Amino acid sequence: MGSAMSLFTSEAERLAEFPIAHESIFLAHAGVTILPARVVKTMQDYLHEACTRMQEFPEAWRATNETRAIAAKMIGAKASEISLLGPTSLGLSLVANGLDWQPGDEVVCYQDDYPANVYPWTDLARHGVVVRLLKPDAPGAITPELVEAALTPKTKLVALASCHFLSGYRILIDEIGQMLRARGVLFCLDAIQTLGAFETRVDHVDFLSADSHKWMLGPMAAGIVYVREEVQERLRPTLLGSWNVCSPNFIAQPEIAFEKGGRRYEPGVLNVAGILGMKVGLELLLEKGIPQVSAQLLRLKARLVAGLEPLGFRFIGPVEGPNASGITTAYRTEGSGPPVEKVFDHLTALRISPSLRYDRAGMAYLRFSPHFYNTEAEMDRVIAEIARAA
């Protein structure tokens, strides 16, 4: 069955997993996701248990460690390469601040990426690092050729998002990563807009950061940071504490020696409740299958595009093909219908939740980001309500 129902045994199961679908159509997973019922229950059960036991009780601690392996499976990494840290900006900042930058080194990034993946890199200019900004022909349309043209013998690292937050343009991670690896250039990936929605592997990536609060269907400030084993010695931790610096019996030592593996970047106690929620969200996605999730997202995109075009909407970002994602961002030219702000207000009054976003020039967009549990029937209702708003 080519619909969300092919991922559920019944409508009752869909509604039990995602109670929000009883009364609302939530289409803002590229912002801050709603939580599946099983994620909330897991976190509630943990917190209730923490009323009567230490917060790091053995079962919770085992599940926390299991999360490393589950996250590693999701991205094709080793569990020892996973740190359980969020938000995304924390992991990106650890990379930016932990490398041995020298004056004249160069970093390549994109000015119109989400700010969390801009500021850590542009701030390096105060250390004498040259920041080279990519200038794609369309928002987020970063191709291997564009990246290659920006490289020089002094390029140390390229920092990209796996998918642009506004246009939904999904980059070719493997092609870019292979090209950079062959040139000895480090590759850092902000993966928050694809992890959980599309296959996002790190075969040719050195660093990755992604919080769980978007497509991974997890809580805020619980995430994963990946550092490739071969470059861990090059990335010095910039957050230091009793957990990542060897401190036998919690006694500070005269010399700093870092723990091995993912613990190397975790300075202190972890967000256990959030991590357990993230774990269950990842398990749900793996249970359904990322290829199946991706296929459903592209079906929903096709339905939206086909329904919105006749209403005078145009789109930024690809609507099909290898660079298309679960993000569908629409705009209206002047005179083609009511402004998108009015349409947004109309939809939110009906408990339909897209996102309202703006570009650097101040143009407004409706960004739709349904997840796999959303249905084509829901998209049809959204389209019908937008038609009424006209």
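Parameters and conventions
- The written sequence of each chain sets the order in which its residues are numbered from 1.
- A pLDDT threshold of at least 70 governs which residues receive local features in this predicted model, and a stricter bar of 80 or more applies before side-chain atom pairs are shown or counted, although totals over entire chains, interfaces and linings include all residues.
- Note that water and hydrogens are dropped before the side-chain values are worked out from all heavy atoms of the structure.
- Helix and strand definitions follow DSSP, with helices as H or I runs of at least four residues and strands as E runs of at least two, each counted in order from the N terminus.
- For the radius of gyration, the atoms used are the C-alpha atoms, and the globule rule reads 2.2 Å times the number of residues raised to 0.38.
- Only protein chains enter the accessibility calculation, which uses a 1.4 Å probe; a residue is then buried when its area is under 20% of its type maximum, exposed when over 50%, and partly exposed in between.
- It only takes one pair of heavy atoms within 4.5 Å for two residues to be counted as in contact.
- For every accessible area listed, the method is Shrake-Rupley and the probe measures 1.4 Å; residues are considered covered only by the protein chains on display.
- We score Asp and Glu as negative and Lys and Arg as positive, and we do not count His or the chain ends.
- Charge coordinates come from a single atom per side chain, which is NZ of Lys, CZ of Arg, CG of Asp or CD of Glu.
- Two strands qualify as a pair provided DSSP detects at least 2 bridges between them.
- Interaxial angles span 0 to 180 degrees and are taken between N-to-C directions of axes, which are lines fitted to C-alpha atoms, for helices over the stretch in contact.
- Pairing of aromatic rings covers Phe, Tyr and the six-membered ring of Trp, with a centre-to-centre limit of 6.5 Å; geometry is then stacked below 30 degrees between planes, edge-to-face above 60, and tilted otherwise.
- In this scheme, the term charge over a ring applies when either NZ of a lysine or CZ of an arginine sits within 6 Å of the ring centre and within 35 degrees of the ring normal.
- The working definition used for a salt bridge is a side-chain nitrogen of Lys or Arg within 4 Å of a carboxyl oxygen of Asp or Glu.
- What a helix is expected to span follows from its residue count: subtract one and scale by 1.5 Å.
- The directions considered for the arc are those from the helix axis to the C-beta atoms.

A. Expanded view of the overall build of the protein. What the protein contains, in helices and strands, is 11 helices and 13 strands. The C-alpha radius of gyration computed for the protein amounts to 22 Å, which stays within 12% of the reference 21 Å derived for 390 residues, consistent with globular compactness. C-alpha extents for the protein along the principal axes are approximately 70 × 55 × 30 Å. Buried residues in the protein amount to 55% of all 390 residues. In the protein, the share of contacts with a sequence separation of at least 24, taken over all contacts with a separation of at least 6, comes to 69%. For the protein, the computed accessible surface area is about 16,400 Å², with 55% contributed by carbon and sulfur atoms. Here the protein contributes 38 positive and 44 negative side-chain charges, whose respective centroids are spaced 1 Å apart.

B. Seen up close, the sheet that holds strand 9 (residues 313–316). The strand order across the open sheet formed by four strands is 9-10-13-12, and the pairing between neighbours is antiparallel. Looking at the sheet topology across the chains shown, the edges are occupied by strand 9 and strand 12 (355–358). Shown here is a sheet whose adjacent strand axes are inclined to one another by a mean of 40°, direction ignored. Sheet topology places strand 10 (residues 328–332) next to strand 13 (residues 364–368); three bridges connect them, and they run antiparallel. The residue bridging Thr-328 from the neighbouring strand is Phe-368, located in strand 13. Contacting strand 9, strand 10, strand 12 and strand 13, helix 10 (residues 340–349) crosses the sheet at an angle of about 40° to strand 13.

C. Local environment of the packing of aromatic side chains. Going through the model one piece at a time under the given rule, you end up with nine aromatic pairs. Taken together, a centroid distance of 6.4 Å and an interplanar angle of 90° make the contact between Phe-8 and Phe-18 edge-to-face. With Phe-8 in the segment before helix 1 (11–17) and Phe-18 in the loop between helix 1 and strand 1 (25–26), this residue pair connects regions lying 10 residues apart in the sequence. Grouping residues by exposure puts Phe-8 and Phe-18 together as buried. Look at Phe-18 and Phe-372: their rings are 5.7 Å apart centre to centre, the planes differ by 85°, and that puts the pair in the edge-to-face class. Taken as a pair, Phe-18 in the loop between helix 1 and strand 1 and Phe-372 in the loop between strand 13 and helix 11 (376–389) lie far apart in primary sequence, 354 residues in all. The two residues Phe-18 and Phe-372 agree in class, both being buried. The side chain of Lys-156 reaches across the aromatic face of Trp-101, ending 5.3 Å from its centre. Looking at Lys-288, its charged tip hangs above the ring of Phe-8, at a distance of 4.5 Å from the centre.

D. Region of the structure containing unusual backbone geometry. In the segment running from Gly-86 into Pro-87, the intervening peptide bond is cis, with an omega of 0°. One non-glycine residue, Asn-249, lies in positive phi territory at about 60°. Note on placement: Asn-249 falls in the loop between strand 8 (223–227) and helix 8 (272–288). Judged by its relative accessible area of 68%, Asn-249 falls in the exposed class. Of note in this structure, Arg-351 is not a glycine but carries a positive phi near 65°. With respect to the helices, strands and loops of the structure, Arg-351 is situated in the loop between helix 10 and strand 11 (352–353).

E. Structural detail: the sheet that holds strand 8. With respect to topology, seven strands assemble into an open sheet ordered 2-8-7-6-5-3-4, the strand pairing being mixed. The open sheet has two edge strands with one neighbour each: strand 2 (82–83) and strand 4 (130–133). Of the pairings in the sheet, the one linking strand 5 (residues 155–161) to strand 6 (residues 186–190) comprises five bridges and is parallel in character. For Leu-160, the partnering residue across the bridge sits in strand 6 and is Leu-189. In the packing of helix 4 (residues 88–98) onto the sheet, contacts are made with strand 5, strand 6, strand 7 (207–211) and strand 8, and the angle to strand 7 comes to roughly 160°.

F. Broad picture of the pattern of salt bridges. Inspection of every chain in the model, using the stated rule, returns 29 salt bridges. Linking Arg-388 and Glu-385 is a salt bridge whose minimum nitrogen-to-oxygen distance equals 3.0 Å. Of this pair, Arg-388 and Glu-385 both sit in helix 11, three residues apart, roughly one helical turn. Overall, Arg-388 belongs to the exposed group, its relative accessible area being 57%. Overall, the relative accessible area of 11% leaves Glu-385 in the buried class.

G. Spatial organisation of helix 2 (residues 37–49). Counted at 1.5 Å a residue, the expected span for helix 2 with its 13 residues is 18 Å, and the 18 Å between its end C-alpha atoms agrees. Every buried residue belonging to helix 2 is among Val-39, Met-43 and Tyr-46, and all of these are buried. End-on view of helix 2: buried residues confined to an arc of 60°, all on one side of the axis. Those residues of helix 2 hidden inside the fold are in contact with helix 3 (58–75) and helix 8.

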